[in-house]
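# Observations on chain architecture
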Amino acid sequence: MANAIGQFQLSKSQIRQMEEEGYLIIERLFDDAELQPVIDEISADLDCRCREATAAGKLSRTYEEYDFEHRLAHVDAENQDISKSMWDMKVVLPSFFGLMTNPKLLDVAEQFCGPELIASSVYRLRPKVPSHAWSPVPWHQDSAYFEAYCDLGLILTVWVPLVDATEERGCLWVMPHVYQGGLFFHHPDRMGHYLVIPGDEFGSRQPVPAPVPKG
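As a convention, each chain's residues are numbered from 1 in the sequence order in which they are written. In view of the model being predicted, local features appear only for residues whose pLDDT reaches at least 70, and side-chain atom pairs are presented and counted only at 80 or more, with totals across whole chains, interfaces and linings using the full set of residues. Hydrogen atoms and water are omitted, and side-chain values are computed over all heavy atoms in the structure.

## Notes on the pattern of salt bridges
Whenever Lys or Arg places a side-chain nitrogen within 4 Å of a carboxyl oxygen from Asp or Glu, that contact is recorded as a salt bridge. Across all of its chains, the model carries nine salt bridges by this definition. Measuring nitrogen to oxygen at the nearest pair gives 2.9 Å for the salt bridge that ties Glu-34 to Lys-104. In this pair, Glu-34 sits in helix 2 (residues 32–55) while Lys-104 sits in helix 6 (residues 103–113), placing the two residues 70 residues apart along the sequence. Only protein chains enter the accessibility calculation, which uses a 1.4 Å probe. A residue is then buried if its area is under 20% of the maximum for its type, exposed if over 50%, and partly exposed in between. Among the residues examined, Glu-34 registers a relative accessible area of 25% and is labelled partly exposed. Accessibility expressed as a relative area gives 14% for Lys-104, which makes it buried. Between Arg-169 and Glu-69 there is a salt bridge, with the nearest N and O atoms lying 3.1 Å from each other. Taken together, the positions of Arg-169 in the loop between helix 6 and strand 1 (172–174) and Glu-69 in the loop between helix 2 and helix 3 (71–78) put the pair 100 residues apart, joining distant regions of the chain. In this description a helix means any DSSP run of H or I spanning at least four residues, a strand means any run of E spanning at least two, and both kinds are numbered starting from the N terminus.

Take a look at the structure:
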């Protein structure tokens, strides 16, 4: 960013936690108004998929009477193909770019990565719905997917929940402190979708849940 950090200044304790534990939860970085364009575009995308599936006889109705938090779960109970069709990098919307370039998010990134920021093209929408065997992401380090030279710089991963991500709903879990110890051994999972760290690699380390409220 060209200007000095101004919109969102992290506290010393927040910066210290990130540097020591390797993760940081920032509650309500984005307010509802900032998230609404993303929610609206995702809702419109889902609506289009539901209408196409209904017209093709693959869905009995569009379930448009349900709100953003619940509609996809009801659709998924009848047709799992729709939620899976939106998984990973299969939904790309203009509002995603707006969120990634939000000045508050850039302010946070700058405090860890410095003033010269490069945004990766790897951004994903991952709509989690109940009882999906394919939606849990196994233990991994993002660096396992990158070339070795990427470890020369800090790569910051940002995850923004569009609804409250509670432990009951399946929030992220993290392994504190391990990021400073280098790359763990990874192997492909059985479906070939992910790289996985075997459980015995962690030794006595214990994961902790990271519930995050919307925004």
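Right, picking up where we left off after that structure.
## Describing the nonpolar core
Each nonpolar core is a collection of buried residues, namely Ala, Val, Leu, Ile, Met, Phe, Trp, Tyr and Cys, held together in the definition by side-chain atoms within 4.5 Å. Among the nonpolar cores identified, the biggest contains 29 residues, and Leu-29, Ile-42, Leu-59, Ile-82, Met-86, Phe-96 and Val-108 are the most heavily contacted of them. Per element, the largest residue contribution to this core is seven residues, and it comes from helix 2. When checking whether two residues touch, look at their non-hydrogen atoms; a contact exists if any pair is within 4.5 Å. Setting aside chain neighbours within four positions, we find Ile-42 in contact with Phe-68, Met-86, Leu-93, Phe-96, Leu-125 and Leu-162. Residues Met-175, Val-178, Phe-184 and Phe-202 belong to the second largest nonpolar core, which totals five residues.

## Quick word on the confidence of the model for the protein chain
Per-residue confidence from the predictor is reported as pLDDT, a score between 0 and 100. For the protein chain, per-residue confidence averages 90 on the pLDDT scale, and 97% of positions sit at 70 or higher. In the model, residues 1–5 has pLDDT below 50 throughout and makes nine contacts with residues more than four positions away in sequence or in other chains.

## A look at the packing of aromatic side chains
Pairs were defined over the aromatic rings of Phe, Tyr and Trp, the Trp ring being its six-membered one, requiring ring centres within 6.5 Å. Orientation was assigned from the angle between planes: stacked under 30 degrees, edge-to-face over 60, tilted for the rest. Considering all chains together, one arrives at three aromatic pairs under this definition. Through successive ring pairs, a cluster of aromatic residues spans Trp-139, Phe-184 and Phe-202.

## Comments concerning helix 3
Every buried residue of helix 3 is accounted for by Arg-71, Leu-72, Val-75 and Asp-76. Seen from one end, helix 3 has its buried residues packed into an arc of 125°, which puts them on one side. Arc, as used here, means the arc of the directions from the helix axis to the C-beta atoms.

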